[in-house]
Amino acid sequence: MDNKQISKAVIKRLPRYYRYLGELMQEGVERISSNELSEKMKVTASQIRQDLNNFGGFGQQGYGYNVSYLYNEIAKILGIDKQHNLIIIGAGNLGQAIANYANFERRGFMIKGMFDVNPRLIGMTVRGIEIYPIEQLESFIKENDVQIAALTIPKAKAEEMAEKLVSYGVKAIWNFAHTDLNLPKDVVVENVHLSESLMRLSYKVSNMDTGK
């Protein structure tokens, strides 16, 4: 890609392409045109071509896209063709729900452990994933080559914990805490604000009801 700056909008669409291509493979589809993919994804064919041209195009005029090849190439672009070791900080309801989602392993994200301060949770397992005391966090990260940490803790503790994780070598934070983290620029942060998503949904529903 020659270090080309890819827009956030394009990056946001890549997982959708990957998901739809996976469904096409399951249906036995071997090739698809941008127009056919457009009908399935509700994205214009020109937008699909523009998006994929950022990474080399992958299509052949008069043939379209080889579904399996494009699926694997997008996996490489997304980095999910390799394993990423992940830990979860906070073993409450949300942390356990994430741990119970088996689909992560199919995408290369291996949940190596969970951490909590509640002594009643220590030693328990969630889908085979053990909950450890927070005191073991630093050594665990180094011994298990952990790159990503999911934060499912109260926002009052999130910034301090995120800074510790970075100092221990974590390169990316999947942040479910209701706060924006102030971390070094070389640390990747993906914020997941569930309440904001629900409010956007509420806005859309309200506008439908009022005919706006």
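This structure is a prediction, so every number in the text was calculated from the model and none was measured.

**Some details on the pattern of salt bridges**
- Overall, the coordinates contain 6 salt bridges when judged by the stated rule.
- The residue E138 makes a salt bridge to K142 at a minimum N-O spacing of 3.0 Å. Residue E138 and its partner K142 are located together in helix α7 (residues 137–143), separated by 4 residues, close to a single helical turn.
- Of the charged contacts in the structure, one is a salt bridge between K164 and E160, with a shortest N-O distance of 3.9 Å. Taken as a pair, K164 and E160 lie in helix α8 (residues 155–167) at a separation of 4 residues, close to a single helical turn.

**A closer look at unusual backbone geometry**
- Of note in this structure, R127 is not a glycine but carries a positive phi near 55 degrees.
- By secondary structure assignment, the location of R127 is in the loop between β5 (125–126) and β6 (129–133).
- According to the relative accessible area criterion, R127 is partly exposed, its value standing at 36%.
- Phi is positive for D145, close to 50 degrees, though the residue is something other than glycine.
- Counting through the fold element by element, D145 comes out in the loop between α7 and β7 (148–151).

**Description of the sheet that holds strand β9 (residues 188–191)**
- Within the open sheet, the 7 strands sit side by side as β5-β6-β4-β3-β7-β8-β9. Their pairing is mixed. In the strand order of this sheet, the two ends are held by β5 and β9, each with one partner.
- In the sheet, β7 pairs with strand β8 (residues 172–175) via 4 bridges, with the strands oriented parallel. Pairing of I148 across the sheet is with A172, part of β8.
- Along the sheet, α8 makes contact with β3 (84–89), β7 and β8, crossing β7 at roughly 170 degrees.

**A short note on the nonpolar core**
- Among the nonpolar cores identified, the biggest contains 23 residues, and Y17, L21, I48, L52, Y65, L70 and I74 are the most heavily contacted of them.
- Residue assignment for this core shows that the elements contributing at least two residues are α1 (8–26), α2 (34–41), α3 (45–53) and α4 (67–78).
- It is α1 that contributes the most residues to this core, 7 residues altogether.
- I87, V146, I173 and A177 belong to the second largest nonpolar core, which has 22 residues in total.

**Section: the packing of α2 against α3**
- With their axes 8 Å apart at the nearest point, α2 and α3 run at an angle of 110 degrees to one another. The pairing of α2 with α3 is recorded here as roughly perpendicular in orientation. Along the contact surface, α2 presents S34, N35, L37 and S38, while α3 presents A45, I48 and R49.
- Taken together, the residues of the contact of α2 with α3 break down into 3 nonpolar, 3 polar and 1 charged.

Cut-offs applied
Residues numbered from 1 in each chain as written. Predicted model: local features only at pLDDT ≥ 70, side-chain atom pairs only at ≥ 80, totals over all residues. Heavy atoms only, no water. Salt bridge = Lys/Arg side-chain N within 4 Å of Asp/Glu carboxyl O. Helix = DSSP H or I, 4+ residues; strand = E, 2+ residues; numbered from the N terminus. Buried < 20%, exposed > 50% of the residue type's maximum accessible area, 1.4 Å probe, protein only. Pairing = 2+ DSSP bridges. Contact = heavy atoms within 4.5 Å. Axes fitted to C-alpha atoms, helices over the stretch in contact; angles between N-to-C directions. Core = buried A, V, L, I, M, F, W, Y, C linked by side-chain atoms within 4.5 Å. Parallel < 35°, antiparallel > 145°, perpendicular 65-115°, else oblique. Nonpolar A, V, L, I, M, F, W, Y, C, P; charged D, E, K, R; others polar.

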